Amino acid sequence: MSDHYAVIGNPIGHTKSPLIHGMFAEMTRQNLVYTAIEGSLGGFATDVDRFRQAGGRGMNVTAPFKLDAFAYATEHSDRARLAGAVNALKFDGDRVLAENFDGIGLTRDVVHNLGCPLKDKRVLLLGAGGAARGALLPFLAQGPTVLDIANRTLEEAQALAQEVADLGTVRALRYAHLETEQYDLVFNATSASLRGELPPVPATVFAPGALAYELAYGKGLTPFLRLAQGAGVQQLADGVGMLVEQAAEAFAWWRGVRPQTQDVIDQLKIPLV
Ligand code: NDP
């Protein structure tokens, strides 16, 4: 019998996870089925209990259940703990192991797929929500010279910088402060693009040769990427590589084999025009 995995979210109709994990399973010859579950709002624990009782082995978790998954789990990785959010669960008897692969997936996409090391670079993260939180530890592990977080609500960025103060220097800035700064890598980890909005970032933040990375995916040229393009940035990327890489991390965690990702990214990529 096949092992059963699933992604849970609400809404879930848009999810690419069954397609991605289906491709991974085929290429690694793993015998599994991967489905999408529309979780009931307020009923996350009941839905996951049911899935486990039916023999489910693991789950990906997407909005709005990443905090519910954190509360449901019995053991958390450091990444999940810092992010305060969980995007992958593994079931082992009564144990529920929790991970957050968003940040490591993002880092792998940038360093490995796009060939942009963070080491000794000036890095700017826009936003201080779940995705930004998940990115902090993997980013710091790469050894950037500067890692700044700008957020509309400054206190959120300050709290985040404080939480990782032992691990590296992270500055929390207001957007207005960015007028005098330049960065080699600029990540839009705000949710502004999902509503076609632009965070108030000045076009001057991009250093010569910079990478502009939009964490949202499937949106084409978002206002942030358009701003970067207008400022002369040549390297533009959206979050499709991050999506596939975090899926590959979860797959490896569950199955013990890491699938190749580039073909899958190429199949899901839409042009940034
Ligand atoms: P959260 O809701 O946790 O955080 C949202 C952040 O965006 C907050 O910092 C908020 O600031 C900021 N924000 C929202 N609107 C604006 C605006 N108009 N101007 C400036 N700042 C704004 O979202 P997530 O962290 O979960 O997601 C962030 C992005 O990352 C989304 O685009 C999401 O699609 C993407 N993502 C991509 C993944 C992938 O695999 N590619 C995986 C996970 C997320 P404030 O604190 O002031 O409210």
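A. Up close: the packing of aromatic side chains. The full count for this structure, using the stated rule, is 10 aromatic pairs. Relative to F251, the ring of F24 has its centre 5.6 Å away and its plane inclined at 75°; by these criteria the two rings are edge-to-face. Of this pair, F24 sits in helix α1 (residues 17-28) while F251 sits in helix α9 (residues 240-255), and the two are 227 residues apart along the sequence. Exposure class is identical for F24 and F251. Each is buried. Note on F51 and F91: the rings are 6.4 Å apart at their centroids and 65° apart in plane angle, and the pair reads as edge-to-face. With F51 in helix α2 (residues 44-53) and F91 in strand β5 (residues 88-92), this residue pair connects regions lying 40 residues apart in the sequence.

B. Layout of the pairing of strand β11 (residues 206-214). Burial of β11 is extensive: 7 of the 9 residues sit out of reach of the surface. At this point the chain moves from β11, through helix α8 (residues 223-230), to the parallel strand β12 (residues 235-237), and the crossover so formed is right-handed.

C. Inspection of the sheet that holds strand β2 (residues 32-38) at higher detail. One open sheet accounts for 6 strands, arranged β2-β1-β3-β5-β6-β4; its pairing is mixed. At either margin of the open sheet sits one strand with a lone partner, and together these are β2 and β4 (75-76). Relative to strand β6 (residues 95-99), β5 runs antiparallel, the two being bridged by 5 bridges. Note that in β6 the partner of D92 across the bridge is R95. Where α2 meets the sheet, it contacts β1 (3-9), β2, β3 (58-61), β5 and β6, and its direction lies at approximately 170° from that of β1. Of the strands in this sheet, β1, β2, β3, β5 and β6 are in contact with α9, which crosses β5 at around 10°.

What counts, and at which threshold
Residues numbered from 1 in each chain as written. Predicted model: local features only at pLDDT ≥ 70, side-chain atom pairs only at ≥ 80, totals over all residues. Heavy atoms only, no water. Phe/Tyr/Trp six-rings, centres within 6.5 Å; stacked < 30°, edge-to-face > 60°. Helix = DSSP H or I, 4+ residues; strand = E, 2+ residues; numbered from the N terminus. Buried < 20%, exposed > 50% of the residue type's maximum accessible area, 1.4 Å probe, protein only. Right-handed = clockwise from strand over helix to strand, strands pointing away. Pairing = 2+ DSSP bridges. Contact = heavy atoms within 4.5 Å. Axes fitted to C-alpha atoms, helices over the stretch in contact; angles between N-to-C directions.

Treat this as a map of the structure, not an account of what it does.
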